[in-house]
Amino acid sequence: MTATVRIENAKRHAADVVGAWSDRLVELSHRIHANPELAFEETRASAWVAEALAAADFEVEHGCYELPTAVRATAGTGPVHVGICAEYDALPEIGHACGHNIIAAAAVGAGAALAGMADDLGLTVTVLGTPAEEGGGGKILMLERGAFQGMDAAMMVHPAAVEMAAMPGSAVSQFQVAYRGKPAHAGAYPQFGVNAADAMTVAQVAIGLLRQQTGPDDRIAGIVTEAGTAANIIPDASRGGWIVRSSTMEGLAELNQRVRRCFEAGAVATGCELTTTPISPDYADLRPDPAMLELYRANAEALGRVFPDLPGGSPAGAATDMGNVSHAVPAIHPMLGLDCLPAVNHQPEFTAACVTPAADKAVLDGATAMARTAIDLARP
């Protein structure tokens, strides 16, 4: 049997296994979707992923890398080591509006398709359940603790409104800002107060003006979560959450300094004390491996997936902790189109789109395309 025939037989077998697992994979996607859990709280989702991988004959560790909701499952002992990442955290209030239920089920499906033939192909397959992508940097913590050590490649798929071979992932810094002032009666003794809400307002105005001089791919976004309790009391505390994005880590470091000075301006102008606290490690820009991306795209197109030419190119500004992985290991992060425009990620309408027939098909196609890409990587 020639190598080409062997590879094609393996790819057909992978599709057959995903087909045999289709009901279970779709059910897993729907179950995770119906039970959204926030970052680092994915107790049920991580357990369901671990159970499914154990049923696929993986050696499974649940609660690893000092993270109770992380999963590591390994099959095969071949010289080519491929990692497949599953995500399963949700967003506050709007649930799985980024479709991590699809990511988790597709990763399980790809693993199941490869497990039984990993040794024959010369593969070691590791499926990693990675918590807290939506603001905790689970993959970054796992990377620092050795989860990706020795891997030759890492991959995952992610749902979006339209198909994209590569997501243009930005570098991101996320942090909390807090001002501490001094309360006073706003009518009788305002001169004795130090207004923390004013400090936040000064910072926001400064950031608004700064945006005129930032780069085209730079983004600064934030919310104020506390700014006083009553109109007749000078607010002595204000808080907010902020995200700074740039196209590279170098650009992020420069933009971060400029943004921090805006918050310092609020403290200087009002006399408040300023505290900034990181929410997670900084996310690096995503650098997909071109050769692996070409393999994935060919396998996805063979399944009927279509990658349209997007007007104006791919949207900038999204971010993932898979970016940090891509700086350490050749990696890809293609997007599975759900054909759901105008609904897009992080909207309630996208939450609904992630359990449609198109979403279920994305689970199965994503699993098959990743498995077939891993088989290509094992080609001698």
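Residues numbered from 1 in each chain as written. Predicted model: local features only at pLDDT ≥ 70, side-chain atom pairs only at ≥ 80, totals over all residues. Heavy atoms only, no water.

### Some points on the overall build of the protein
In step 1: Each helix and strand in the protein was counted, giving twelve helices and twelve strands.
In step 2: For the protein, the C-alpha radius of gyration of 23 Å lies close to 21 Å, the compact-globule estimate for 380 residues.
In step 3: Along the first, second and third principal axes, the C-alpha atoms of the protein reach 90 × 40 × 40 Å.
In step 4: Taking all 380 residues of the protein together, the buried fraction comes to 52%.
In step 5: If you take every contact in the protein between residues at least 6 apart in sequence, the share linking residues at least 24 apart comes to 80%.
In step 6: Accessible area for the protein stands at about 15800 Å²; split by element, carbon and sulfur atoms hold 54% of it.
In step 7: Side chains of the protein give 24 positive and 43 negative charges; the mean places of these two sets differ by 2 Å. (Helix = DSSP H or I, 4+ residues; strand = E, 2+ residues; numbered from the N terminus. Rg over C-alpha atoms; globule rule 2.2 N^0.38 Å. Buried < 20%, exposed > 50% of the residue type's maximum accessible area, 1.4 Å probe, protein only. Contact = heavy atoms within 4.5 Å. Areas by Shrake-Rupley, 256 points an atom, 1.4 Å probe, with all protein chains shown as cover. Lys, Arg positive; Asp, Glu negative; His and termini not counted. Charge placed at Lys NZ, Arg CZ, Asp CG, Glu CD.)

### Overview of the pattern of salt bridges
In step 1: In the structure shown here, the tally under the stated rule is twelve salt bridges.
In step 2: Residues joined by salt bridges that share partners form a network here, namely Glu 163, Arg 305, Lys 361 and Asp 365. (Salt bridge = Lys/Arg side-chain N within 4 Å of Asp/Glu carboxyl O.)

### As for the packing of helix H7 (residues 196–210) against helix H8 (residues 249–270)
In step 1: Packing of H7 against H8 brings their axes to within 8 Å, and their N-to-C directions diverge by 145 degrees. By crossing handedness, the relation of H7 to H8 is classed as right-handed. Across the interface between the two elements, Asp 198, Ala 199, Met 200, Val 202, Ala 203, Ala 206, Ile 207 and Leu 210 of H7 pack against Arg 258, Val 259, Cys 262, Phe 263, Ala 265, Gly 266, Ala 269 and Thr 270 of H8.
In step 2: Classifying every residue of the contact of H7 with H8 by side-chain character gives twelve nonpolar, two polar and two charged. (Axes fitted to C-alpha atoms, helices over the stretch in contact; angles between N-to-C directions. Left-handed = near helix turned anticlockwise from the far one by under 90°. Nonpolar A, V, L, I, M, F, W, Y, C, P; charged D, E, K, R; others polar.)

### Details of the pairing of strand E9 (residues 237–246)
In step 1: Burial of E9 is extensive: seven of the ten residues sit out of reach of the surface.
In step 2: Judged from the ten bridges that link them, strand E7 (residues 171–180) and E9 form a sheet pairing that is antiparallel. Across the sheet, the residue bridging to Val 172 is Arg 245, located in E9.
In step 3: Where strand E8 (residues 219–226) meets E9, seven bridges bridge the pair, whose relative direction is antiparallel. Residue Ala 221 lies in a different strand from E9, and its bridge partner there is Ile 243. (Pairing = 2+ DSSP bridges.)

### Looking at the packing of aromatic side chains
In step 1: Under the criterion given, the structure shown has three aromatic pairs.
In step 2: These aromatic residues form a ring-pair network of at least three members: Phe 175, Trp 242 and Phe 263.
In step 3: When the ring centre of Phe 175 is taken as origin, the NZ or CZ atom of Arg 260, which lies over that ring, is 4.0 Å away. (Phe/Tyr/Trp six-rings, centres within 6.5 Å; stacked < 30°, edge-to-face > 60°. Lys NZ or Arg CZ within 6 Å of the ring centre and 35° of its normal.)

### Describing the nonpolar core
In step 1: Judged by nonpolar contacts, the single largest core of 69 residues is most densely connected at Phe 58, Ile 84, Leu 123, Tyr 296 and Leu 338.
In step 2: Here this core gets eleven residues from one element, more than from any other, and that element is helix H4 (residues 100–115).
In step 3: Leaving out residues up to four positions away in the same chain, Leu 123 has contacts with Ala 75, Gly 76, Thr 77, Gly 78, Val 80, Val 82, Leu 114, Ala 118, Ala 374 and Ala 378. (Core = buried A, V, L, I, M, F, W, Y, C linked by side-chain atoms within 4.5 Å.)

### Examining the sheet that holds E9
In step 1: Pairing within the open sheet is antiparallel, and its four strands lie in the order E8-E9-E7-E10. Edge positions in the sheet fall to E8 and strand E10 (273–278), since each of these pairs with one other strand and no more. Along the sheet, successive strands turn relative to each other by an average axial angle of 20 degrees, direction set aside.
In step 2: Together, E7, E8 and E9 form the strand contacts of H7, whose direction differs from that of E9 by roughly 20 degrees.
In step 3: In the packing of H8 onto the sheet, contacts are made with E7, E8, E9 and E10, and the angle to E7 comes to roughly 10 degrees.

### Concerning helix H2 (residues 22–34)
In step 1: If you check H2, its first and last C-alpha atoms are 18 Å apart, about what 13 residues at 1.5 Å a residue would give, namely 18 Å.
In step 2: Those residues of H2 not exposed but buried are Ser 22, Leu 25, Val 26, Leu 28, Ser 29, Ile 32 and His 33. For H2, the angular spread of buried residues about the axis comes to 155 degrees, placing them on one side. Of the exposed residues in H2, those oriented more than 90 degrees away from the buried face are Asp 23 and Ala 34. (Expected span 1.5 Å × (residues − 1). Arc of directions from axis to C-beta.)

### Quick look at the sheet that holds strand E3 (residues 80–86)
In step 1: Taken together, six strands build an open sheet; the order of strands is E1-E2-E4-E3-E5-E11 and the sheet is mixed. Of all the strands in the sheet, just strand E1 (59–62) and strand E11 (331–332) have a single pairing partner and so form its edges.
In step 2: In this structure, E1 lies alongside strand E2 (residues 71–75), joined through four bridges in antiparallel fashion. Bridged to Glu 59 within E2 is Thr 74.
In step 3: Sheet strands in contact with H4 are E2, E3 and strand E4 (123–129), and its direction is about 150 degrees off that of E3.

### With respect to the environment of Thr 275
In step 1: Tracing the backbone shows Thr 275 in strand E10.
In step 2: Sequence separation between Thr 275 and Tyr 179 is 96 residues; the distance between their C-alpha atoms is 6.4 Å.
In step 3: In contact with Thr 275, not counting residues within four places along its chain, are Gln 176, Val 177 and Ala 178.

### Some thoughts on helix H12 (residues 357–377)
In step 1: With 21 residues, H12 extends 30 Å between its outermost C-alpha atoms, agreeing within 8% with the 30 Å of an ideal straight helix rising 1.5 Å per residue.
In step 2: By the criterion of burial, H12 is predominantly enclosed, with 16 of the 21 residues buried.

### Some words on the side chain of Ser 246
In step 1: As for its position among the elements, Ser 246 is in strand E9.
In step 2: Owing to a relative accessible area of 4%, Ser 246 belongs among the buried residues under this scheme.
In step 3: Looking at Ser 246, its side chain comes within polar contact range of the side chain of Asp 218, at 2.7 Å.
In step 4: Not counting chain neighbours up to four residues away, the residues in contact with Ser 246 comprise Ser 170, Ala 171, Asp 217, Asp 218, Gly 251 and Leu 252. (Polar contact = N/O pair within 3.5 Å; in protein donor to acceptor, adjacent residues only side chain to side chain.)

Don't take any of this as a statement about function, it's just geometry.
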